[in-house]
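# Chains, contacts and geometry: an overview
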Amino acid sequence: MRWNDPNLVGTSQSYLRLKHGENKIRIVSEAEPYGKHYNPETKKTLVCIGKDKGCEGCQQGNKPRVQWLLWVIDRTDNKIKMLEIGYSILQQISKLAQSQEYGFEIIPNYDITITKEGEGLETEYTVIPARKDTLLIEVEREEIENLESPIEIIRKKKEKLEEPF
């Protein structure tokens, strides 16, 4: 099974779910923002396609929650996966990008560790950069070149919701 199989994208197998404690990753794409709604009845989330396009969540008066979607290498198994992050993680990564010592323009040249602590609304995330840069191996570089961009994945999800039944 290939991680960039278009039939796999969107399944739980292709996503990295941050576990409690340390999660070591390597960011390999830009982060793309999108809105989503959670339906407590079905316990599922839907991508927000916009109120003007008939978004179910918007029509029910629910504000979409903004998330960012990006590709990462999960260092526990060295597989490339989608990661969905919220503002608190994005803000910490942005601070690294702007810092003198760890700064980068699009993608960092080092791994980062995201530590997850707490439960529910009390969950806190801490982002710590690796002490030194590490080169991606050839296999990783080749696989990254074949990735579909997060913006394209989000566009396809929205199109699927806009299709008439």
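The sections below set out a description of the structure shown in this document. From a predicted model like this one, the values you see are computed outputs, not experimental measurements.

Strand direction decides the pairing type here: strand β6 (residues 112–117) and strand β7 (residues 124–129), joined by 6 bridges, are antiparallel. Bridge pairing in β7 links Lys116 to Tyr125. Between the antiparallel neighbours β6 and β7 lie 6 residues, among them Gly118 with a positive phi of about 95 degrees.

With respect to the helices and strands, the residue Arg26 is situated in strand β1 (residues 21–27). Along the backbone, Arg26 and Leu161 are 135 residues apart, and their C-alpha atoms lie at a distance of 31 Å. Residues within four places of Arg26 in sequence aside, it is in contact with Trp71, Val72, Ile73, Arg75, Pro108, Asn109, Tyr110, Asp111, Thr134 and Leu136. Engagement of the side chain of Arg26 in a polar contact is seen with the side chain of Asp111, the distance being 3.5 Å.

Oppositely charged side chains can form a pair if their charged atoms are brought close together. Going through the model one piece at a time under the given rule, you end up with 10 salt bridges. A salt bridge links Arg75 to Glu140; its shortest N-O distance comes to 2.8 Å. Taken together, the residues Arg75 in the loop between β4 (65–74) and β5 (79–85) and Glu140 in helix α3 (residues 138–145) connect sequence positions 65 residues apart. Across the salt bridge formed by Lys81 and Asp77, the nearest N and O atoms sit 2.9 Å from each other.

Here the focus is the nonpolar core. Generally speaking, nonpolar side chains in soluble globular proteins are found buried as a group. If you look at the biggest cluster of nonpolar residues, it comprises 18 residues, and the most contacted ones within it are Ile25, Leu83, Ile85, Ile93, Ile112 and Ile114. Breaking this core down by element, the ones donating at least two residues are β1, β4, β5, α2 (87–98) and β6. The element contributing the most residues to this core is α2, with 4 residues. Discounting residues that sit within four places of it in the chain, Ile25 has contacts with Leu16, Val72, Ile73, Arg75, Leu83, Asp111, Ile112 and Ile114. Within the second largest apolar cluster, 14 residues are counted, among which are Tyr15, Leu69, Ile73 and Ile154.

The rules we used
- Residues numbered from 1 in each chain as written.
- Predicted model: local features only at pLDDT ≥ 70, side-chain atom pairs only at ≥ 80, totals over all residues.
- Heavy atoms only, no water.
- Pairing = 2+ DSSP bridges.
- Helix = DSSP H or I, 4+ residues; strand = E, 2+ residues; numbered from the N terminus.
- Contact = heavy atoms within 4.5 Å.
- Polar contact = N/O pair within 3.5 Å; in protein donor to acceptor, adjacent residues only side chain to side chain.
- Salt bridge = Lys/Arg side-chain N within 4 Å of Asp/Glu carboxyl O.
- Core = buried A, V, L, I, M, F, W, Y, C linked by side-chain atoms within 4.5 Å.
- Buried < 20%, exposed > 50% of the residue type's maximum accessible area, 1.4 Å probe, protein only.

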